[in-house]
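# Geometric and topological summary
Letter by letter, the chains look like this.
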Amino acid sequence: MLWLAMRRFLVLLWLLSLALAAPRLVVEPEDGVKPLLDLIASAREEILVKMYLWTPSRMDVVEALGEAARRGVRVRVLLEREPSGGRVDLEVFQALKARGVEVRLTTPFRFVFVHEKSLVVDRKRAWVGTMNLTGSSFAANREYALILDDPAQVAEIAKVFEADWEGERLDLSQALLVWAPSRVLGGVKEGNARETLLALIRGAQRELFLEHQAMADPEVEAALKEALGRGVRVRLLGSPKEPGDTYFLAGALRLKEAGALVRFLPDPYVHAKVLVRDGEEALLGSLNLSANSIQANRELAVRFTAREAPEAFRRLLFVMEGDWEKALPENPFALPPVEGVIPWQEAPRYFGRVATVEGVIQAVEDRGTVAFLKFGPGESDLRLVVFPRSYGLFAQPFPQSYLGKKVRARGRIVLYAGYYEIVLEGPEEVGVLDGGPEGPGLRGELHGGERLRGEAAGRGGLPGLLRGKGRPPPEAQALPQGGGEAPRPRRGGGAVGRPVGGGGELLRRGGPRGAPPFGPRL
């Protein structure tokens, strides 16, 4: 009897230990940055951070690390040297150094990108996520992170950090976690990402459910088609893309032709990288489904089961299923432009399409890193968006000169964090109809007329912006032929291009409303 009671007690202890060691799931934008700040605040001895992209919109994380350093915690940060072919943000770099944080840039030519997004606290807990340290990551993107406290997993992340800090190779042939690059150099197996990913896909019996930013690896695509061929249901969820996109859309459409179910989530923007097999096992982390990400980047993902982490798994599936229900069955960016002129109030009906809208600008706002021309007083009312690099092209003083004027603007109607917007690259994409300001290139064309001048009439504001027309590339130029994440426009501190096939991080506009809007939705 005593033996039986002892056995039950030991089983309870074992179950309790499993529960305590189970990963905790963080979901963005719902959870915000607080879980990360709380994790940093809990540090007593050491913090290790490895990050692909960090922008000034996340100075709150800089301050949190600085506070940790002031209380005697050793803080080390390893930053990707050239995110998306650009450069590390000097404001962030200098702010970290000024606060007593040890900062290094990644070793040149060691990897194409160090795209990992991780943080280790006291070698006891670790953050492994899909998100960069940007405003949009915690306010406008669909992102996930796991907080791990399994000692062996946390120790492995710290061990890889130390190797990457010194620029040394490390044998990961027996890794517990999922690491890229999947290659062997100098006899050292540096990762297991490809074999793990393909094993998950090939082991599926009922369903593969993917919420991913990229679909650009031929071997992964082939494995998914093989799964379809043996009767496995494949669901792929991403965000709308411009026709011709090769980073997600082209692969998604090929899978759709093969029988996969594909949907497009307008908002939040899908920056996630997660795959679920048979509702039982998931792979979540920084790993994109691109050849460069799998074979040449430093990436980190966690493979876990519903049994190991029941609460995290339930929440993950709940969020993914909710996104699936809200997503669109067709890519709205592929729909033809809206004919004629529509009142601004009808813009939400035409999300994703190029349209000409008309109305009176009732409010203007210049946040320094972005300006808004607002058609209505409500937070969700349509607005025109202009980035600082274009301010000087518009009628001055900008944006005040447009206040109270009836305007007609043309561009793609997009969503950012629940806000309907048209992004303007220049004054040729907006005209005043009632004797207000005329910018360069507008005279006689839109001033009471029926069409936009020149190129803008055919392309709309956002497509041109997404191609990076005239924009400097501080954070994105190398686009995915397999790698980090493809670039998009950014709010604040510069702007970037649009994915056409190379290897950087996908940058989007914006940051949290009510705070200085930052830039990349990463």
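Quick caveat: nothing in here was measured; it's all calculated off a predicted structure. (Residues numbered from 1 in each chain as written. Predicted model: local features only at pLDDT ≥ 70, side-chain atom pairs only at ≥ 80, totals over all residues. Heavy atoms only, no water.)

### Focus: the packing of helix α8 (residues 218-229) against helix α9 (residues 249-257)
Our working rule: Angles here are taken between N-to-C directions and fall from 0 to 180 degrees, while the axes themselves are lines fitted to C-alpha atoms, restricted in helices to the stretch in contact. Per the convention used, a helix needs a DSSP run of H or I reaching at least four residues, while a strand needs a run of E reaching at least two, with both numbered from the N terminus. Working definition: roughly parallel below 35 degrees, roughly antiparallel above 145 degrees, roughly perpendicular at 65 to 115 degrees, and oblique for all remaining angles. In this scheme, a crossing is called left-handed if the near helix is turned counterclockwise away from the far one by less than a right angle; it is called right-handed if the turn is clockwise. Whether two residues are in contact is decided by their heavy atoms, any of which lying within 4.5 Å being enough. Under the scheme applied, nonpolar residues are Ala, Val, Leu, Ile, Met, Phe, Trp, Tyr, Cys and Pro; charged residues are Asp, Glu, Lys and Arg; polar residues are all the others, including Gly.
One way to put it is that α8 packs onto α9 with a least axis distance of 10 Å and a crossing angle of 20°. Here α9 runs roughly parallel to α8, going by the angle between their axes. Considering how the two elements wind past one another, α8 and α9 form a crossing that is right-handed. Across the interface between the two elements, Glu221, Leu224, Lys225 and Leu228 of α8 pack against Gly251, Arg254 and Leu255 of α9. Within the contact of α8 with α9, the residues separate by chemical class into three nonpolar, one polar and three charged.

### Digging into the confidence of the model for the protein chain
For clarity, the threshold we go by: For every residue, the predictor reports its confidence as pLDDT, a number between 0 and 100.
Confidence in the prediction of the protein chain, expressed as mean pLDDT, is 84, and 79% of residues score 70 or more. Across residues 438-522, where pLDDT falls below 50, the model places 333 contacts with residues more than four positions away in sequence or in other chains.

### Some details on the nonpolar core
How we decide: Working definition of a nonpolar core: buried Ala, Val, Leu, Ile, Met, Phe, Trp, Tyr and Cys residues. They are joined through side-chain atoms within 4.5 Å. Relative accessibility thresholds used throughout: buried, under 20% of the residue-type maximum; exposed, over 50%; partly exposed, between the two (1.4 Å probe, protein chains only).
With 43 residues, the main nonpolar core has Tyr144, Ile157, Phe304 and Leu316 as its most contacted residues. The dominant element in this core, judged by the number of residues it contributes, is helix α6 (residues 151-166), at seven residues. Ranked by size, the runner-up nonpolar core spans 35 residues in total, among them Val33, Trp54, Ala68 and Val73.

### Some details on the sheet that holds strand β19 (residues 354-360)
Applied cut-off: We call two strands paired when DSSP finds no fewer than two bridges between them.
The strand order across the open sheet formed by four strands is β18-β19-β23-β26, and the pairing between neighbours is mixed. Edge strands, defined here as strands with exactly one partner in the open sheet, are β18 (341-343) and β26 (430-432). Geometrically, the sheet is characterised by an average inter-axis angle of 25° between neighbouring strands, direction not taken into account. Looking at chain direction, β19 and strand β23 (residues 406-412) are connected through seven bridges and run antiparallel. For valine 360, the partnering residue across the bridge sits in β23 and is lysine 406.

### A word on the pairing of strand β7 (residues 141-148)
Consecutive side chains of a regular strand alternate in pointing toward one face of the sheet and then the other. For β7, the tally of buried residues reaches eight of eight residues, placing the bulk of the element in the interior. Pairing between strand β1 (residues 24-28) and β7: five bridges, direction antiparallel. When the sheet's bridge partners are listed, arginine 24 is paired in β7 with isoleucine 147. Pairing between strand β6 (residues 125-129) and β7: four bridges, direction antiparallel. When the sheet's bridge partners are listed, alanine 126 is paired in β7 with leucine 148.

### Observations concerning the side chain of glutamate 143
Threshold: Charge counting follows a simple rule: Lys and Arg are positive, Asp and Glu are negative, and His as well as the terminal groups are ignored. Take a side-chain nitrogen of Lys or Arg and a carboxyl oxygen of Asp or Glu: if they are within 4 Å of each other, that pair is a salt bridge. Counting of polar contacts relies on pairs of N or O atoms within 3.5 Å, with two restrictions inside protein: one atom must be capable of donating a hydrogen and the other of accepting it, and residues adjacent in sequence are counted only when both atoms are side-chain atoms.
Within the secondary structure layout, glutamate 143 lies in strand β7. Comment: no salt bridge for buried glutamate 143; closest opposite-charge side chain is lysine 273, at 5.8 Å. Separated by 3.5 Å, the side chain of glutamate 143 and the backbone nitrogen of methionine 131 make a polar contact. There is a polar contact of 3.1 Å between the side chain of glutamate 143 and the side chain of asparagine 141.

### A closer look at the packing of helix α7 (residues 193-202) against α8
Across the interface, α7 lies against α8 with an axial gap of 9 Å and an inter-helix angle of 15°. Viewed along their axes, α7 and α8 adopt a mutual orientation that is roughly parallel. Here the hand of the crossing between α7 and α8 comes out right-handed. Contact residues: Arg194, Leu197, Leu198, Ile201 and Arg202 in α7; Glu219, Val220, Ala223, Leu224, Glu226 and Ala227 in α8. Residue classes in the contact of α7 with α8 are distributed as seven nonpolar, no polar and four charged.

### Some points on helix α2 (residues 34-41)
Under the convention used in this document: As used here, the arc belongs to the directions running from the helix axis to the C-beta atoms.
All buried positions along α2 are accounted for by Pro35, Leu36, Leu39 and Ile40. Across the axial projection of α2, the buried residues extend over an arc of 140°, all falling on one side. On its buried face, α2 sits against β1, β2 (46-51), α3 (59-70), β5 (118-121), β6 and α5 (135-139).

### Some points on the pairing of strand β25 (residues 419-424)
Among the six residues of β25, six are classified as buried, and the element is accordingly described as predominantly covered. Burial along β25 is two-sided: Tyr419, Glu421 and Val423 facing one way and Tyr420, Ile422 and Leu424 facing the other are all buried. Examined bridge by bridge, strand β22 (residues 383-386) and β25 share four bridges and lie parallel to one another. For valine 385, the partnering residue across the bridge sits in β25 and is valine 423. When strand β24 (residues 414-416) meets β25, the two strands line up antiparallel, connected through three bridges. Across the sheet, valine 414 pairs through a bridge with glutamate 421, a residue of β25.

### Some points on the packing of aromatic side chains
Applicable threshold: Each pair of aromatic rings taken from Phe, Tyr and Trp, with Trp reduced to its six-membered ring, is defined by centres within 6.5 Å and is described as stacked if the planes are under 30 degrees apart, edge-to-face if over 60, and tilted in the remaining cases. The rule is short: NZ of Lys or CZ of Arg within 6 Å of the ring centre and within 35 degrees of the ring normal puts a charge over the ring.
Following the criterion strictly, the structure yields 11 aromatic pairs and no others. Where tryptophan 344 meets phenylalanine 375, the ring centres are 6.0 Å apart and the plane angle is 15°; that geometry is what we call stacked. One end of the pair, tryptophan 344, is in the loop between β18 and β19; the other, phenylalanine 375, is in the loop between β21 (371-374) and β22, with 31 residues separating them in the sequence. Taken together, the aromatic side chains of Tyr391, Phe394, Phe398 and Tyr402 make up a single cluster linked through ring pairs. Across from the ring centre of phenylalanine 209, 3.9 Å away, lies the NZ or CZ of arginine 235, which sits over that ring. The positively charged end of arginine 383 is found above the aromatic ring belonging to phenylalanine 372, 4.0 Å away from the centroid.

### A short note on the pattern of salt bridges
Tallied over the entire structure, the rule returns 40 salt bridges. By sharing partners, the salt bridges in this structure join Arg206, Arg277, Asp278, Glu280, Glu281 and Arg303 into a single network.

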